[in-house]
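Chain by chain, the residues run as shown.
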Amino acid sequence: MLTHLTHARALPEDRAMSRNVFSALAACVVVTLAACGGSDSVTSPGTNTPPGNTPPGNTPPGNTPPTSTPVATVAITPAGGTVFVGRTLQLSAAARDAAGATLSGRAITWTSSADSIARVDANGLVTGAAAGNVVITAASEGKTSTATVAVQNVPVASVVVTPATANLRTGDTLRLAASARDESGATLAGRQVRWTSSSNNVVTIDSVSGLLRAMGQGSATITATSEGKTGTATVAVIAPVATVSVNAALDTLEAWDVVQLTATLRDAANNVLTNRVVRWTSSNTAVATVDSLSGMLTGLDRGTVTVTATSEGKVGTATRVVVIKYRSITAGTEHACDIASGGIVWCWGRNGTQQRVGMAQNASESYSNVPFQLNTTLRFTQISTFGTTTCGIARDGKAYCWGYNGWGNLGNGSSVTSPTPVAVAGGHTFKSISLGGQHSCGVTTDDKVYCWGFNQSSEFGNNTSASSNVPVLAANGMSFAKVSGGNDVTCGVTAGGQGYCWGHNGAGQLGDGLRITGGNTYTRTPSAIVGGLTFRSVHASQSYSCGLTTSGEGYCWGSGGNRFGSGFSGETSTPRAIPGYSWKQIAPGSRQACGITTSDEIYCWGSNGSGQLGNAVGTNGSTTPVRAGGSIKGAEVSAANIATGSAAYTCAISADRLTTWCWGRNDYGQLGNGATTPFETANVNPQIVVGQKPLPVTR
């Protein structure tokens, strides 16, 4: 017989328990039926029940069936809270019975009223998603509890502005960016930023967009603010370049000279601008180069060049005339040399076997009637020639010589002629040098005189007549400021202006006042020039000498002929004045003498057979000064000297040193004008040495 089991309708929270009870009862029925051995009889209540099979309602003592304590309340801890977006808050929940005791092992479920604001997982971990409030619910066995959680944005800890610095020109715009960051430096998105400028006269900025505009020169601080935190940027505003002008001390630049150019930059209000980049260019780098960064201008060759300075697209220009100037003109026997800008030596006239012009040709009749550039990289500050040898002082103070070397004239320890400069032995540093007929002398920086070459007329003044092909101490060891070599004689001036001469004195050319007795007379040590004169310079020549006093007076002595300029043509060992003129230079030559007055006028006197006086006074010349070259004015003049051969010509450099002229004899191109004339021809008019004149100036 089947036993029908009935049970009351379970409450929803008890349905699971009911299902478990029903399953147990069904299992019992199955067991009971199995125990019945297929019998259809069931023990009713009240019947005898076999041991171990206690009928319902009859529970043995000590065997109370288990019961489940219902959940009465659920408590959330904490009851509420705050969480930042992206951060978490841990909640916990406890199931409790009616007495408030915590019930263990009870299942808790969690829910959020708005997942878009905050989510909660099965363990009560709340994660903020967006700013707002959300209700979190914990439930267990039908009982619930709630907690209100406020979700807030992460607070701004700092604000970073980029770029942090900016350099703008008036009128420029720039959009700045601001990054709001948390305490760890992480960027916070979606935060509101407001912008301000410390000076709207310098920079204005849109308070929302961060777009700034440069208004005027100066510096301003830009501030970005978000949630009370600030970040800054510094903006410097400069006015754009409106004009560029090039400044230089002179309009004219000498070749190989260097001048610093500067550019003045101004804005539209004519204010001077500084700290701007300037770039430089030259219109003709063959004439002059300019350093693109520094503006250092270097002249190279005569001509006109435009220099341009550029800054911020604006340009300024300046035109500079590059010139070549000439210095240290010296005329020897049938050849002359001068120094051009940059210390470059040019020579012209007869080259011959002595190679005196510096040409490699070794032929007696070889010559150049135009300037020939000396084949050397040396740069000279002074040169001197007398006969067929030329010497000069390089920029380092060392002496070099070229040309004839038969008596050791080159001072290099040999007797071999050289067309190129060879170093004078001894390593001395010279401040001046002067050549005589067959000897050379120089004054070192310590005011000592050294000589080399021919000395049989005691030209060295060292109390001997021994020649030397290397420099030897001369002038008996005395100190001199400058010396001058002549034909068999040497003169010098001390620092105090006292004049001395030594060597051959047969015609009174030493000026020592000794009575002339004829024949060969030599003085082996310096002999003072009489007359109590204070000299600026003394110049020895062919059997006579001339001196220039510190007051500008000219004197000559020795064998006059018509070379004294005073009208006296005899011989005298006492200086005789050249009256009526104030001189700044006197240059005695072989057959004529010339000088330049303090007003830059050129005068010559003496013989004029070849026109060497530069004046048509006739071939007999003049015993007093006559104006040479008409209206030309000079800075230096050199009347040709002679050791052997003929030297009847004169050369001069113009007062502005831009032009070289020569006049007189020109059978070997001595005038350097690109032509030659028979030796009998008198070339009275000054001829411009080829190439040695300024180019026409074009503006």
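As named in an unreviewed UniProt entry, the chain is BIG2 domain-containing protein, taken from Roseisolibacter agri.

Visitor: Quick one: what's the story with the state of the cysteines, residue by residue and with numbers?
Guide: In protein chemistry, a disulfide is the covalent bond that joins the sulfur atoms of two cysteines. A full pass over the atoms with the stated rule returns seven disulfides. The disulfide that involves cysteine 337 links it to cysteine 347, with 2.0 Å between the sulfurs. Since a negative S-S torsion denotes a left-handed disulfide, the cysteine 337-cysteine 347 link at about 110° is right-handed. Of this pair, cysteine 337 sits in strand 32 (residues 335-340) while cysteine 347 is found in strand 33 (residues 344-350), placing the two residues 10 residues apart along the sequence. Each of the two residues, cysteine 337 as well as cysteine 347, counts as buried. Residue pairing for cysteine 651: its cysteine sulfur links by disulfide to cysteine 662, the two sulfurs lying 2.0 Å apart. In this structure, the disulfide formed by cysteine 651 and cysteine 662 twists by about 105° around the S-S bond and is classed as right-handed. Separated by 11 residues along the polypeptide, cysteine 651 in strand 56 (residues 649-654) and cysteine 662 in strand 57 (residues 660-664) bring together distant segments of the chain. Of the two residues examined, cysteine 651 and cysteine 662, each falls in the buried class.

Visitor: Tell me about the sheet that holds strand 17 (residues 203-205), and please be specific about residues and values.
Guide: Strand order in the open sheet formed by three strands is 13-18-17, with antiparallel pairing between adjacent strands. Strand pairing shows two members of the sheet lacking a second neighbour, strand 13 (173-175) and strand 17, which therefore form its edges. The average undirected angle you get between the axes of adjacent strands in this sheet is 20°.

Visitor: Could you give me a rundown of the sheet that holds strand 15 (residues 187-188), with the residues and numbers involved?
Guide: Taken in spatial order, the three strands line up as 11-14-15 in an open sheet, and their pairing is antiparallel. Of all the strands in the sheet, the pair left with one neighbour each is strand 11 (158-162) and strand 15.

Visitor: Lay out the pairing of strand 36 (residues 389-394) in plain terms, naming residues and giving numbers.
Guide: The buried fraction of strand 36 is high, at six of six residues. Residues Thr389, Cys391 and Ile393 of strand 36 are buried on one face, and the alternating residues Thr390, Gly392 and Ala394, pointing to the opposite face, are buried as well. Judged from the five bridges that link them, strand 35 (residues 380-385) and strand 36 form a sheet pairing that is antiparallel. When the bridges of strand 36 are listed, isoleucine 383 appears paired with glycine 392. Between strand 35 and strand 36, which pair antiparallel in sequence order, lie three residues. Summarising the sheet, strand 36 and strand 37 (residues 399-403) pair through five bridges and their orientation is antiparallel. By the bridge assignment, isoleucine 393 is partnered in strand 37 with alanine 399. Counted between consecutive antiparallel strands, the loop separating strand 36 from strand 37 contains four residues, among which glycine 397 sits at a positive phi close to 85°.

Visitor: So what's going on with the pattern of salt bridges? Residues and values would help.
Guide: Under the definition given, this model contains 16 salt bridges. The salt bridge involving aspartate 667 is made with arginine 665; its shortest N-O contact spans 3.1 Å. The exposure class assigned to aspartate 667 is buried, which follows from its relative accessible area of 18%. A relative accessible area of 13% means that arginine 665 is categorised as buried. Three or more residues are tied together by salt bridges with common partners; here these are Glu334, Arg350, Arg356 and Glu365.

Visitor: Please give an account of the environment of tryptophan 110 that cites residues and values.
Guide: Within the fold, tryptophan 110 resides in strand 6 (residues 109-112). Residue tryptophan 110 is classed as buried on the basis of its relative accessible area, which comes to 12%. In this structure tryptophan 110 touches Ile76, Leu91, Ser92, Ala93, Val120, Asp121, Ala122, Asn123, Gly124, Ile136, Thr137 and Ala138, once residues within four positions along its chain are discounted.

Visitor: Go over the nonpolar core, please, and point to the residues and values.
Guide: One finds Trp280, Leu297, Val322, Trp348, Tyr649 and Cys651 to be the most contacted residues of the largest nonpolar core, which totals 36 residues. Secondary structure elements with two or more residues in this core: strand 21 (243-247), strand 27 (288-290), strand 29 (303-311), strand 30 (314-323), strand 31 (326-331), strand 32 and strand 56. With 22 residues, the next largest nonpolar core counts Val161, Ala166, Leu188 and Ile205 among its residues.

What counts, and at which threshold
- Residues numbered from 1 in each chain as written.
- Predicted model: local features only at pLDDT ≥ 70, side-chain atom pairs only at ≥ 80, totals over all residues.
- Heavy atoms only, no water.
- Disulfide = S-S within 2.5 Å.
- Helix = DSSP H or I, 4+ residues; strand = E, 2+ residues; numbered from the N terminus.
- Buried < 20%, exposed > 50% of the residue type's maximum accessible area, 1.4 Å probe, protein only.
- Pairing = 2+ DSSP bridges.
- Axes fitted to C-alpha atoms, helices over the stretch in contact; angles between N-to-C directions.
- Salt bridge = Lys/Arg side-chain N within 4 Å of Asp/Glu carboxyl O.
- Contact = heavy atoms within 4.5 Å.
- Core = buried A, V, L, I, M, F, W, Y, C linked by side-chain atoms within 4.5 Å.

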